[in-house]
Amino acid sequence: MTEHDPELLNVAPGQPHDSMLSETISYVIGLGLALLLTGVSFWVASTSTLWGPGVAVGLVVLAIAQMGVHLVFFLHITSGPDNTNNVLALAFGVMIVFLVMIGTIWIMAHMDANMAMDPALTNLQMQH
Amino acid sequence: MTAGTEAPAIGLTHGGSEDTGLGHRGPESKSIVVPYGFWLFVLSDMVLFSALFATYASLVNATDGGPTTNQLFDRNLVAIETIALLISSFTCGLAMIAAKRRNMTWTQVWLVVTGVLGLVFLAIELYEFAHMIGEGAGPQRSAFLSSFFTLVGCHGAHVTAGLLWIGTMMAQIWAKGFRQDIMRRLLCLSVFWHALDIIWVAIFTIVYLIGTLP
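Re the overall build of chain B
- Summing up its helical and strand segments, chain B has six helices and zero strands in all.
- Ordered by position from N to C terminus, the α and β elements of chain B give α-α-α-α-α-α.
- By the burial criterion, 40% of the 214 residues in chain B qualify as buried.
- Restricting the contact set of chain B to residue pairs at least 6 apart, pairs at least 24 apart contribute 72%.

This is the structure we're talking about:
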């Protein structure tokens, strides 16, 4: 089964390629890119040459890029027609993940800012 | 009419892997449907983790006067964990390549390497947890630490399950050979293992790296 077989309507996620060489190369490229992005992440977090407030955003961008590398080179999620179902499921999953995370962080930060209480009351240890 | 030459035999679709008896308009073969269903499970698992990440992000500053992220986390340990898990993801892929060629020796070798690297990761994580609890920074210390142990511990529990699964698959391949049902399970295992590494990327970035920024 190759992803170029016109007869093939769907391909399973993580399904290996037909050619051993192209498959191995795919994993090696993925490992190289992932190591590079990991290294850059650790460097960005340690260096003081970058603009401080932007570092956290940069780290999140690097993490999302590395997740993309893992999806493409390790899980073989492609834009090909035989991958439509896998990609649509992924897109739905990503949407829910972002809704949950951004929604929660947004709402909780506003609650925290607008419902600021006496610090003594928010400290549960001191209510006894 | 000559059978088998002009009209394709019933169900010999999609490369003729498995017979569904329903032709092109019927359901996909099991070798497609099973990993796809498992892919849906993995994605819903990521949704579960997104809730834990959101909890952690909301509570990260609720330290109750206890230790903060900068005081607790050691980047060197995290770097080793990250490399171990990344390389284990790579060797898991190599095991899949060998399994597809029905190569028993290399399949088992790469699965062992994958499992050992997973064990290295888990050992470092448990060491970190034990160290933190020994310092009085256990999950009951503050809301921040509760959410930390829930998030990272849930990932560790997944890795533990993955290790058990790797061992089970090695035994199954050894005892039953590269049967089609065994290969489906192996493919699901590789999807699971790669997904764990994807979640770890988010954890080491959000929890450890952003948590130890100066």
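Considering the confidence of the model for chain B
Residues and elements named next belong to chain B.
- When pLDDT is averaged along chain B, the result is 89, and 88% of the positions lie at 70 or above.
- Note that pLDDT drops below 50 for residues 1-16; the model gives that stretch 21 contacts with residues more than four away or on any other chain.
- Two numbers describe this predicted complex: its pTM, 0.85, and its ipTM, 0.83.

What to know about the interface of chain A and chain B
- Across the contact, 47 residues belong to chain A and 43 residues belong to chain B.
- Those elements that provide at least two residues to the side of chain A that touches chain B are helix 1 (20-46), helix 2 (52-74) and helix 3 (84-114) of chain A.
- Looking at the side of chain A that touches chain B residue by residue, the class counts come to 30 nonpolar, 14 polar and three charged.

Remarks on the nonpolar core
- Among the nonpolar cores identified, the biggest contains 75 residues, and B:Val191, B:Ile199, B:Ile203 and B:Val207 are the most heavily contacted of them.
- Taken together, the elements giving at least two residues each to this core come down to helix 1, helix 2 and helix 3 of chain A together with helix 1 (30-59), helix 3 (75-100), helix 4 (104-134), helix 5 (143-176) and helix 6 (180-209) of chain B.
- Top element by residues in this core is helix 6 of chain B. It accounts for 20 residues.
- Every residue in contact with B:Ile199, bar those within four places of it in the chain, is listed here: B:Met46, B:Phe49 and B:His155.

Some words on helix 3 of chain A
- Its 31 residues place the ends of helix 3 of chain A 44 Å apart at the C-alpha level, agreeing with the 45 Å of an ideal helix rising 1.5 Å per residue.
- On its buried face, helix 3 of chain A sits against helix 1 of chain B.

Describing unusual backbone geometry
- At A:His76, a residue that is not glycine, the phi angle is positive and equals roughly 55 degrees.
- If you trace the backbone, A:His76 turns up in the loop between helix 2 and helix 3.

Points about the packing of helix 3 of chain B against helix 6 of chain B
Residue and element names in this part refer to chain B.
- Between helix 3 and helix 6, the shortest axis-to-axis distance is 10 Å and the interhelical angle comes to 160 degrees. For the element pair helix 3 / helix 6, the angle class is roughly antiparallel. Remark: the crossing between helix 3 and helix 6 carries left-handed chirality. Contacts between helix 3 and helix 6 involve Arg75, Val78, Thr82, Leu85, Leu86, Ser89, Cys92, Gly93, Met96 and Ala99 on the former and, on the latter, Met183, Leu186, Ser190, Trp193, His194, Asp197, Trp200, Phe204 and Tyr208.
- Taken together, the residues that form the contact of helix 3 with helix 6 break down as twelve nonpolar, five polar and two charged.

Regarding the environment of A:Thr38
- Within the secondary structure, A:Thr38 sits in helix 1.
- For A:Thr38 and A:Gln66, which are 28 residues apart along the polypeptide, the C-alpha to C-alpha distance reads 7.7 Å.
- With near-sequence residues (within four places) excluded, A:Thr38 lies in contact with A:Gln66, B:Thr82 and B:Leu86.

Digging into the packing of helix 2 of chain A against helix 6 of chain B
- Relative orientation of the contacting elements helix 2 of chain A and helix 6 of chain B amounts to 170 degrees, with a least axis distance of 10 Å. Between helix 2 of chain A and helix 6 of chain B, the angle falls in the class roughly antiparallel. Contacts from A:Leu59, A:Val60, A:Ala63, A:Gln66, A:Met67, A:His70 and A:Phe74 in helix 2 of chain A reach B:His194, B:Asp197, B:Ile198, B:Val201, B:Ala202, B:Thr205 and B:Leu209 in helix 6 of chain B.
- A per-class count over the contact of helix 2 of chain A with helix 6 of chain B returns nine nonpolar, four polar and one charged.

Definitions and limits used
- Residues numbered from 1 in each chain as written.
- Chains lettered and ligands numbered in written order.
- Predicted model: local features only at pLDDT ≥ 70, side-chain atom pairs only at ≥ 80, totals over all residues.
- Helix = DSSP H or I, 4+ residues; strand = E, 2+ residues; numbered from the N terminus.
- Buried ≥ 20, exposed ≤ 12 C-beta atoms within 10 Å, placed from the backbone.
- Contact = placed C-beta atoms within 7 Å.
- pLDDT = per-residue confidence, 0-100.
- Nonpolar A, V, L, I, M, F, W, Y, C, P; charged D, E, K, R; others polar.
- Core = buried A, V, L, I, M, F, W, Y, C linked by C-beta atoms within 7 Å.
- Expected span 1.5 Å × (residues − 1).
- Axes fitted to C-alpha atoms, helices over the stretch in contact; angles between N-to-C directions.
- Parallel < 35°, antiparallel > 145°, perpendicular 65-115°, else oblique.
- Left-handed = near helix turned anticlockwise from the far one by under 90°.

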